Amino acid sequence: MENCGFGWQNRILDAALAADAQMPRLPVSNLRSQQGAPSLGWRIPGTTAGLTLTLTDAVSFRAFSLHRTNLTTSATWSVTASRGGVIIWRMPGGPVANGQTLLVSPSVLLADTVRMTVSDPTNPDGWLDLPLAYAGPLFQPVRNFSTSSTAGRTLGQDTITSLAGTEFVESRWFQRKLSIVHQSLGDADAVVMDQILRVAATGQNILFLPDPAASGADLAAKAVFGRLSGNDLSNPFGVADRHALTLDLTERL
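This section reports on the structure supplied with the text. (Residues numbered from 1 in each chain as written. Predicted model: local features only at pLDDT ≥ 70, side-chain atom pairs only at ≥ 80, totals over all residues. Heavy atoms only, no water.)

## Digging into the layout of surface pockets
The rolling of a water-molecule-sized probe over the atoms marks out the regions of remaining empty space.
Stage number 1. A volume near 360 Å³ is recorded for the largest pocket.
Stage number 2. If you trace the largest pocket, you find 24 residues lining it, with Ala-151, Leu-178, Phe-208, Pro-210 and Lys-222 closest to the centre.
Stage number 3. Within the residue set of the lining of the largest pocket, elements represented by two or more residues are strand E10 (150–161), strand E11 (167–185) and helix H2 (216–222).
Stage number 4. Per-element tally for the lining of the largest pocket: the top contributor is E11, with six residues.
Stage number 5. Considering only residue class, the lining of the largest pocket consists of 13 nonpolar, five polar and six charged. (1 Å grid on protein atoms, 1.4 Å probe; cavity = no way out; pocket = protein on both sides within 12 Å on 5 of 7 lines; lining within 4 Å. Points joined across faces, edges and corners; volume = space filled by probe spheres on them. Helix = DSSP H or I, 4+ residues; strand = E, 2+ residues; numbered from the N terminus. Nonpolar A, V, L, I, M, F, W, Y, C, P; charged D, E, K, R; others polar.)

## Thoughts on the nonpolar core
Stage number 1. Ranked by internal contacts, the top residues of the largest apolar core, which has 32 residues, are Leu-51, Phe-61, Phe-64 and Met-116.
Stage number 2. Where this core is concerned, the elements lending two or more residues are strand E3 (42–44), strand E4 (48–67), strand E5 (76–83), strand E7 (101–119), strand E8 (128–130) and strand E9 (132–136).
Stage number 3. In contact with Phe-61, other than residues within four places in its own chain, are Arg-11, Leu-55, Ser-107, Val-108, Leu-109, Ala-111, Val-114, Ala-135, Gly-136 and Pro-137.
Stage number 4. In this structure, Phe-6, Phe-139, Ile-180 and Leu-228 belong to the second largest nonpolar core, which totals 20 residues. (Core = buried A, V, L, I, M, F, W, Y, C linked by side-chain atoms within 4.5 Å. Buried < 20%, exposed > 50% of the residue type's maximum accessible area, 1.4 Å probe, protein only. Contact = heavy atoms within 4.5 Å.)

## Quick word on empty space enclosed by the protein
Stage number 1. As enumerated under the stated definition, the model contains three cavities of 30 Å³ or more in all.
Stage number 2. Its volume calculated, the largest cavity comes out at about 60 Å³.
Stage number 3. Partitioned by chemical class, the residues of the lining of the largest cavity number five nonpolar, five polar and no charged.

## Examining the pairing of E11
Put simply, side chains in a regular strand alternate between the two faces of the sheet.
Stage number 1. As judged from the 12 bridges shared by E10 and E11, these two strands associate in the antiparallel manner. Across the sheet, Thr-150 pairs through a bridge with Ser-179, a residue of E11.
Stage number 2. Between the antiparallel neighbours E10 and E11 lie five residues, among them Gly-165 with a positive phi of about 90 degrees.
Stage number 3. Sheet topology note: the E11/strand E14 (residues 243–251) ladder contains seven bridges and is antiparallel. For Leu-185, the partnering residue across the bridge sits in E14 and is His-243. (Pairing = 2+ DSSP bridges.)

## Observations concerning unusual backbone geometry
With the exception of glycine, the majority of residues adopt a negative phi angle, and the majority of peptide bonds are in the trans configuration.
Stage number 1. Located in the positive-phi region is Arg-68, a residue other than glycine, with phi close to 60 degrees.
Stage number 2. Along the polypeptide, Arg-68 turns up in the loop between E4 and E5.
Stage number 3. The residue Asn-98 is not glycine, and still its phi comes out positive at about 55 degrees.
Stage number 4. Among the secondary structure elements, Asn-98 is positioned in the loop between strand E6 (86–92) and E7.

## Digging into the sheet that holds strand E1 (residues 5–7)
Stage number 1. Taken in spatial order, the six strands line up as E1-E12-E13-E14-E11-E10 in an open sheet, and their pairing is antiparallel. Because the sheet does not close on itself, it has two edges, and the strands there are E1 and E10. In this sheet, neighbouring strand axes are inclined to one another by 35 degrees on average, regardless of whether the strands run parallel or antiparallel.
Stage number 2. Set on the sheet, helix H1 (residues 187–200) makes contact with E1, E11, strand E12 (206–209), strand E13 (224–230) and E14; between it and E14 the angle comes to about 30 degrees. (Axes fitted to C-alpha atoms, helices over the stretch in contact; angles between N-to-C directions.)

## Regarding the packing of aromatic side chains
Stage number 1. Taken as a whole and assessed by the stated rule, the structure comprises six aromatic pairs.
Stage number 2. For the pair Phe-64 and Trp-89, a centre-to-centre distance of 5.9 Å together with 20 degrees between the ring planes defines the contact as stacked. Here Trp-89 lies in strand E6 and Phe-64 lies in strand E4, a separation of 25 residues in the sequence.
Stage number 3. The class of Phe-64 is buried, set by a relative accessible area of 0%.
Stage number 4. With a relative accessible area of 12%, Trp-89 lands in the buried category.
Stage number 5. A centroid spacing of 6.5 Å and a plane angle of 65 degrees characterise the contact between Tyr-134 and Phe-225, whose relative ring orientation is edge-to-face. Of this pair, Tyr-134 sits in strand E9 while Phe-225 sits in strand E13; the two residues are 91 residues apart in sequence, bridging distant segments of the chain. As far as the burial class goes, Tyr-134 and Phe-225 line up, both buried.
Stage number 6. Within the aromatic cluster, the residues linked to one another by ring pairs are Phe-6, Phe-139, Phe-145 and Phe-208. (Phe/Tyr/Trp six-rings, centres within 6.5 Å; stacked < 30°, edge-to-face > 60°.)

This is a description of form; function is not addressed.
Below you can see the structure in the form of structure tokens.
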């Protein structure tokens, strides 16, 4: 098990993006949007997708993910990282859970080109929706978050109750949320968390991995990509290099 990881430097947002295929009104550039609706994302007219990120200089990568997709559990995908035209890392991605799939490198990759390919030939829609993606480094605090952290959900429902008390529920959306309690941030960790919260305050999505070393199924099932906010930073242990901070993360829909 590794300490939790925060992905906040998303190179999808500043890299040159090139797609093998796209719908005219739903281009790959929509991946720079922060909304996860299929009507606002990248749509592929078929069941195979290819995305290439190109940067002017080599930068750090460790986590790669796709979110709010229509991928089925039989979908497969892979990531290839290159530097100066030479492949330095290639790996198949993990399974799909909660409409998302992730891949984490064991160590930091310095690359100027990243290629993601997705295949889902049995997808009943006949096309692929990939509204949100992350590709970039992970920040991991020196000490892990507290076991007092909680996971919950917010439900979007329309409910009608008959005169006899019978309830008719129309489900609209299901949004996961986390309360991430950290009671032992070091001084250096606190500085980075402040930078992350400043970026999150602009509306940019933040990726949170409870355990970046988790198996593929657990990694996809427990990761959350969405809006982050934080409460006040405190010093519960006086002058010790230990700070407490509670973060609230809600899945981006």
